[in-house]
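Results of the structural survey
The primary structure of each chain is shown beneath.
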Amino acid sequence: MSRSVPLVPTVTACALALVLTACGGTGGVHGTAGSAGVADPYFPKAGNGGYDVTHYTLTLAYTPSTSDTPDTSDTSDTPDTPHTPTPLTGTTTITARATQNLSAYDLDLKGMRVNSLTVDGKKASWTRTDQELTVRPPSTVPQGKTFKTTVHYSGTPETITDPDGSEEGWLPTADGALALGEPTGAMAWFPADDHPSDKATYDITITVPKGLQAVSNGELRTEKTAGDGRTTYSWRMTHPMASYLATVAIGHYDITRTTTKNGLPVYVAVDPQEAAASRKVLAKIPEIMEWAEYNFGPYPFSSTGAIVDRRGDAGYALETQTRPFFPGAPDTATLVHELAHQWYGDSVTPETWRDMWLNEGFATYAEWLWAEDHDGDTAQQTFDALYRGTYFDDKRDNEEIWAFPPARPTSAAHISDSPVYERGAMVLHKIRQTVGDARFYDIVQGWAAAHRYGNANTADFTAYVQKMAPGKDFSGIWKDWLYGEGKPARP
Ligand code: TRP
Ligand code: ZN
């Protein structure tokens, strides 16, 4: 499922040969190769052209390894032969629809060893270059056809260091592992069209050794323990999800299953060492969900919850769909932030990584609104402190907000800096000042409803706001606050 993103034109030998001879296989249909990226301004190789994924089926088996040295030998894929046990063995089946006649297409997969690969059940060949896994189906896949690619793979998944220095992908923990995917970490643990513009539904099944648990997105369908004590957990995400929001958490957890007042299942998994410190704040999930539904509109998914696990060096939380991740006992503001992302980020997803402020500006503004509604500072007070330069303790942090415009991060290393978060939230506050509370809440609810389960960009947002308040002039806000360099002259 995707909203189309302009494709990078690719010229292949095959395309050039098209006029002269049949190309791309035996089927008689002429095809060209799908592009190796979807022209994301910050991550040009992320995602792939030529097809649109509708569903992923992941079947994984995890075995803790004694050595956690990643297997980075990308090119040493070997045909199916018995190997020594590896931490992760996976089979991923990708159901996709061809958006062009496809002689070849790419998946994103970083590290791991590909053992075999089929397209609609027939053996296919592949090559690997860095994160691009190029598949050559035995015959051209005709445009419009829904086809299945099955990849069998194994190895030690990689921890990926982001341009901003944070770690994502596969993160080993003391008693298991975590998979966190923002922005490009999904490709560390499953082959994917790893870009937010191609959302799909997921079945994630994972087998773990005796005594361990596995938690993922959506609803737990079955949990089966085999004779050898290994347990298989099957999770299902029935609503579209961007690959960066897929997760699996493996380890020992205290599991709490409850429901909200209106019957939404709440599934919370907490590292026992964090349980005492987390209990009080996690008990607020139902209350926060009610508050969020009142302000942002109907919750878009079929369950909620949280995952709390210790991960010293992934010191960030992530809005993994239905089940946000926290690297330790969260505070209320962070819990509100990640739950607000379920509407803004997860249900309405940025079209490219340039539109990150649509995630972080909203989630940060949700924190301000929560404080305002619960005897804390008003959003106006927070806005004023930021404008004045007294919000953060550190002077440099107060200045950093003005480093670049929210809608134009200077590079991939800066997509999670404060201009995207705090200044993004300031843009929303400026809109609220312009239209008043009643219309403002119509806008935030309407925006979530208009793009539910889809993708949207900054231009869609500004057009939507203008449509919802036809008599108002937002041009100064867009020019100075959203796209403008430096600190706007007036608050
Ligand atoms: N989206 C996360 C949050 O705000 C933060 C985050 C984690 C992030 N990893 C990232 C942001 C990578 C940008 C890129 O809760
Ligand atoms: Zn966030």
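Data block above holds the structure.
Our subject in this report is the structure included herewith. (Residues numbered from 1 in each chain as written. Chains lettered and ligands numbered in written order. Predicted model: local features only at pLDDT ≥ 70, side-chain atom pairs only at ≥ 80, totals over all residues. Heavy atoms only, no water.)

What to know about the sheet that holds strand β14 (residues 213–216)
Selection criterion: In short, DSSP must find at least two bridges between two strands for them to pair. A run of H or I in DSSP counts as a helix once it spans at least four residues, and a run of E counts as a strand once it spans at least two, with each numbered from the N terminus. Note on geometry: axes are C-alpha line fits, over the in-contact stretch for helices, and angles between N-to-C directions span 0 to 180 degrees.
Across the sheet, which stays open at both edges, the five strands sit in the order β10-β11-β12-β17-β14 with antiparallel pairing between neighbours. Since the sheet does not close on itself, it has two edges, and those belong to β10 (159–161) and β14, each with one partner. Direction aside, the axes of adjacent strands within the sheet are offset by 20 degrees on average. Bridge count between β10 and strand β11 (residues 167–173): three bridges; the pairing is antiparallel. Its bridge partner being in β11, Thr159 is matched across the sheet by Gly169.

Things to note about the site of ligand 1
To keep things clear, this is the line we draw: Near, as used in this document, describes a residue that has one of its heavy atoms within 4 Å of the molecule or strand being considered. Within 3.5 Å is the distance limit for a polar contact, defined as a pair of N or O atoms, with the added protein rule that one can donate a hydrogen and the other accept it, and that residues adjacent in sequence qualify only through two side-chain atoms. Per-residue and other accessible areas follow the Shrake-Rupley method at a 1.4 Å probe size, with only the shown protein chains counted as cover for residues. Any residue outside Ala, Val, Leu, Ile, Met, Phe, Trp, Tyr, Cys, Pro, Asp, Glu, Lys and Arg is labelled polar, Gly included; the first ten of those are nonpolar and the last four are charged. The domain limits used here are those given by an automatic or database domain assignment.
By nearness alone, 13 residues border ligand 1, and Glu182, Glu319, Glu338, Glu360 and Tyr421 come closest of all. At 2.9 Å from a nitrogen atom of ligand 1 is found a side-chain nitrogen or oxygen belonging to Glu319. One nitrogen or oxygen atom from the side chain of Glu338 is found 2.4 Å from an oxygen atom belonging to ligand 1. Its free accessible area being 360 Å², ligand 1 has 93% of it covered by the protein chains. When grouped by side-chain class, the residues that make up the shell around ligand 1 number six nonpolar, three polar and four charged. Here the shell around ligand 1 gathers at least three residues from each of two domains, domain 3 (253–337) and domain 4 (349–482).

So, the sheet that holds strand β4 (residues 102–108)
Strand order in the open sheet made by the four strands is β1-β4-β8-β7, with mixed pairing throughout. Edge positions in the sheet fall to β1 (32–33) and β7 (125–129), since each has one partner strand and no second. Across four bridges, the pairing between β4 and strand β8 (residues 132–136) is antiparallel. Within β8, the position partnered with Tyr105 by the bridge is Val135.

Considerations on the pattern of salt bridges
Note the following rule: Here a salt bridge means any side-chain nitrogen of Lys or Arg lying within 4 Å of a carboxyl oxygen belonging to Asp or Glu. For the exposure calls, accessible area comes from a 1.4 Å probe over protein chains only, and a residue counts as buried if that area is under 20% of its type's maximum, exposed if over 50%, partly exposed in between.
For the structure shown, the criterion picks out 14 salt bridges. Between Glu372 and Arg432 there is a salt bridge, with its nearest N and O atoms 2.6 Å apart. You can see Glu372 sitting in helix α5 (residues 357–373) and its partner Arg432 sitting in helix α8 (residues 418–435), a full 60 residues away along the chain. For Glu372, a relative accessible area of 22% puts it in the partly exposed group. Put simply, Lys395 and Glu399 hold a salt bridge, and the shortest N to O gap is 2.9 Å.

Regarding the coordination of the zinc ion (ligand 2)
Threshold: Nitrogen, oxygen and sulfur within 2.8 Å of a metal are treated as its donors, or within 3.2 Å for sodium, potassium and calcium (Na, K, Ca); water is not counted, so a site can appear incomplete. Irregular is the label for any site that misses the other tests, which are tetrahedral for four donors with all angles between 85 and 135 degrees, and square planar for four donors or octahedral for six when opposite donors exceed 155 degrees and the remaining angles lie between 65 and 115.
Distances from the zinc ion (ligand 2) to its protein donors, namely His337 (NE2), His341 (NE2) and Glu360 (OE), fall within the range 1.9 to 2.0 Å. In this structure, the zinc ion (ligand 2) is coordinated by four donor atoms arranged in irregular fashion, with angles at the metal of 99 to 140 degrees. In primary sequence terms, the donor set of the zinc ion (ligand 2) follows H-x3-H-x18-E. Residue His341 is found in helix α4 (residues 332–341), and its partner Glu360 is found in helix α5; the two are separated by 19 residues along the sequence. Accessibility classification places His341 together with Glu360 in one group, the buried group.

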